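# Fold and geometry: a report
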Amino acid sequence: MSAAKRTILTLAALLALGQPVHAADAVAVASKIDTEGALLGNMIAELLQAHGIAVVNKVQLGPTKIVRGAILAGQIDIYPEYTGNGAFFFNRETDPAWKNGPAGYALVKQLDAAQNHLDWLAPAPANNTWAIALRRDLAEKAKLATMDEFAKYVSGGGAIKLAASAEFVDSPAALPAFQKAYGFALRQDQLLVLSGGDTAVTIKAAAEGTSGVNAAMCYGTDGQLAALGLAVMADDKGVQPVYEPAPVIRDATLQNHPEIPGILDPVFATLTLERLQSLNARIAVKGEQAKAVAAAYLKSQGFLK
């Protein structure tokens, strides 16, 4: 059994027993198990420690269900979450607020404060949602930067072949939603449907031109995008929910450490889409350690000495 799995099982057991998993005077910092979770979680931990706040590092604790359950149970104190996930946390998937960055943030902040005594700090200006990316050479040559421009290019006979998962192609909320909103249609011979939902595979197919592919299903801040030379088409009509990362903190912890927003908000404000793509690439593509990448970025921006 891997260390990660042991950690998840240990936490689950402690939660079931109602036992604390960190000292009362320390802030337990957690994150999800993915690349971006590790990056952002380590940033939070490094910053709090640098400002004299004792930290218990539980970065890469597990998937959303585990981490969300841990903060609701008071077993962790802070972790980075995505605004759009509020739609699922509160069973409000049809609320149009999730497709607007500020509105979605305001709604999840209000709901979590009222129901769970959790506070959402300022989000990063980066949307990690489902998207379509093109080879950068094609995007620059055809002057394509938005989904509206992409749709006009496809409808005008532009050569496009998209690598995507079956879920992205078939789910009404994914490609069909894009096609309906922007008024274009991809034929079957313009699709390369790959098993699974791994965006690393679809991005690689586009970068390498596999079977004529020059476009890929992706998530907005995927690290491979920058490394492999793909450009994300902006969803200018807001078809997909906005998923901006933000620290979520327990009210009790915030009351004990009211300085935390002043520490974290300026850092998250610098994390644009392009910067997160680049930082994620250093971890996912170049194999650097998330902790080292987080610390190096914070030092480069003057947030750490």
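Just so it is clear, the model here is predicted, and its values are computed rather than measured.

Scanning the protein chain from N- to C-terminus turns up 15 helices and 10 strands. Relative to a compact globule of 305 residues, whose C-alpha radius of gyration would be 19 Å, the protein chain shows 20 Å and is just as compact. Along the three orthogonal principal directions, the C-alpha set of the protein chain runs to about 65 × 40 × 40 Å. Put simply, the protein chain has 305 residues, and 50% of those count as buried. Partitioning the contacts of the protein chain with sequence separation of at least 6, the portion at a separation of at least 24 is 74%. Of the roughly 13,500 Å² of accessible surface on the protein chain, 54% is carried by carbon and sulfur atoms.

Okay, the pattern of salt bridges next. Two side chains of opposite charge can pair, provided their charged atoms sit close to one another. The tally for this structure, following the rule as stated, stands at 10 salt bridges. A salt bridge links E46 to K291; its shortest N-O distance comes to 2.8 Å. A residue pair is termed long-range when its members are at least 10 positions apart, and E46 in helix α2 (residues 35-50) and K291 in helix α15 (residues 290-300) qualify at 245 residues. Classification of E46 by relative accessible area gives buried; the value is 15%. K291 sits in the partly exposed class, given a relative accessible area of 44%. Measuring nitrogen to oxygen at the nearest pair gives 2.8 Å for the salt bridge that ties R250 to D77. Separated by 173 residues along the polypeptide, R250 in strand β10 (residues 245-250) and D77 in the loop between α3 (64-72) and β3 (78-82) bring together distant segments of the chain.

The next point concerns empty space enclosed by the protein. Counted by the stated rule, this structure contains one cavity of 30 Å³ or more. Among the residues making up the lining of the largest cavity, the classes are represented as three nonpolar, five polar and one charged.

Residues M43, L48, L264 and L271 are the most contacted members of the largest nonpolar core, which totals 34 residues. Counting only elements with at least two residues in this core, the list comes to β1 (27-32), α2, β2 (55-62), α13 (260-268), α14 (273-284) and α15. Counting residues per element, this core draws most heavily on α2, which supplies eight residues. Grouped together as the second largest cluster of nonpolar side chains are 28 residues, F168, L175, A177 and L186 included.

This part is about the confidence of the model for the protein chain. Per-chain confidence: the protein chain averages 91 in pLDDT, with 92% of residues scoring 70 or above. Across residues 1-23 the pLDDT falls below 50, and counting only partners more than four positions away or on other chains, this stretch makes 28 contacts in the model.

With 12 residues, α14 extends 16 Å from end C-alpha to end C-alpha; this agrees with the ideal 16 Å at 1.5 Å per step. For α14, every residue scored as buried is listed here: L276, Q277, L279, N280, A281 and I283. Looking at the packing, one finds that the buried side of α14 touches α2, α11 (223-228), β9 (230-232), β10 and α15.

Further remarks concern helix α10 (residues 199-208). Looking at α10, one finds that the buried residues are T199, T202, I203, A205 and A206. Angularly, the buried residues of α10 cover 155 degrees about the axis, an arc narrow enough to put them on a single face. Where the residues of α10 are buried, they touch β5 (130-135), β6 (162-165), β7 (191-194), β8 (215-219), α11 and β9. Just downstream of α10 lies G209, where phi reads positive at about 70 degrees.

Right, let's talk about the pairing of β10 for a bit. Most of β10 sits inside the fold, with five of its six residues counted as buried. Relative to β10, β3 runs antiparallel, the two sharing five bridges. Bridged to E81 within β10 is A246. Two elements, strand β4 (residues 118-120) and β10, share three bridges in a ladder whose sense is antiparallel. Within the sheet, the bridge partner assigned to L118 lies in β10 and is R250.

This paragraph deals with the packing of aromatic side chains. How two aromatic rings sit relative to each other is given by the distance of their centres and the angle of their planes. The final tally for this structure, using the stated rule, is three aromatic pairs. Judged by centre distance (5.4 Å) and plane angle (80 degrees), the ring pair of W130 and F168 falls under edge-to-face. Residue W130 is found in strand β5, and its partner F168 is found in helix α8 (residues 166-170); the two are separated by 38 residues along the sequence. Residue class for F168 comes out buried when judged on its relative accessible area of 0%. Seen in terms of ring centroids, F150 and F184 are 5.5 Å apart; in terms of plane orientation they differ by 85 degrees. Their pairing is edge-to-face. Here F150 is found in helix α7 (residues 147-155), whereas its partner F184 is found in the loop between α9 (175-182) and β7, with 34 residues between them in sequence. In this pair, the class of F150 matches that of F184, namely buried. Every member of this aromatic cluster is reached through a ring pair, and the members are W130, F168 and F178.

How each quantity is defined
- Residues numbered from 1 in each chain as written.
- Predicted model: local features only at pLDDT ≥ 70, side-chain atom pairs only at ≥ 80, totals over all residues.
- Heavy atoms only, no water.
- Helix = DSSP H or I, 4+ residues; strand = E, 2+ residues; numbered from the N terminus.
- Rg over C-alpha atoms; globule rule 2.2 N^0.38 Å.
- Buried < 20%, exposed > 50% of the residue type's maximum accessible area, 1.4 Å probe, protein only.
- Contact = heavy atoms within 4.5 Å.
- Areas by Shrake-Rupley, 256 points an atom, 1.4 Å probe, with all protein chains shown as cover.
- Salt bridge = Lys/Arg side-chain N within 4 Å of Asp/Glu carboxyl O.
- 1 Å grid on protein atoms, 1.4 Å probe; cavity = no way out; pocket = protein on both sides within 12 Å on 5 of 7 lines; lining within 4 Å.
- Points joined across faces, edges and corners; volume = space filled by probe spheres on them.
- Nonpolar A, V, L, I, M, F, W, Y, C, P; charged D, E, K, R; others polar.
- Core = buried A, V, L, I, M, F, W, Y, C linked by side-chain atoms within 4.5 Å.
- pLDDT = per-residue confidence, 0-100.
- Expected span 1.5 Å × (residues − 1).
- Arc of directions from axis to C-beta.
- Pairing = 2+ DSSP bridges.
- Phe/Tyr/Trp six-rings, centres within 6.5 Å; stacked < 30°, edge-to-face > 60°.

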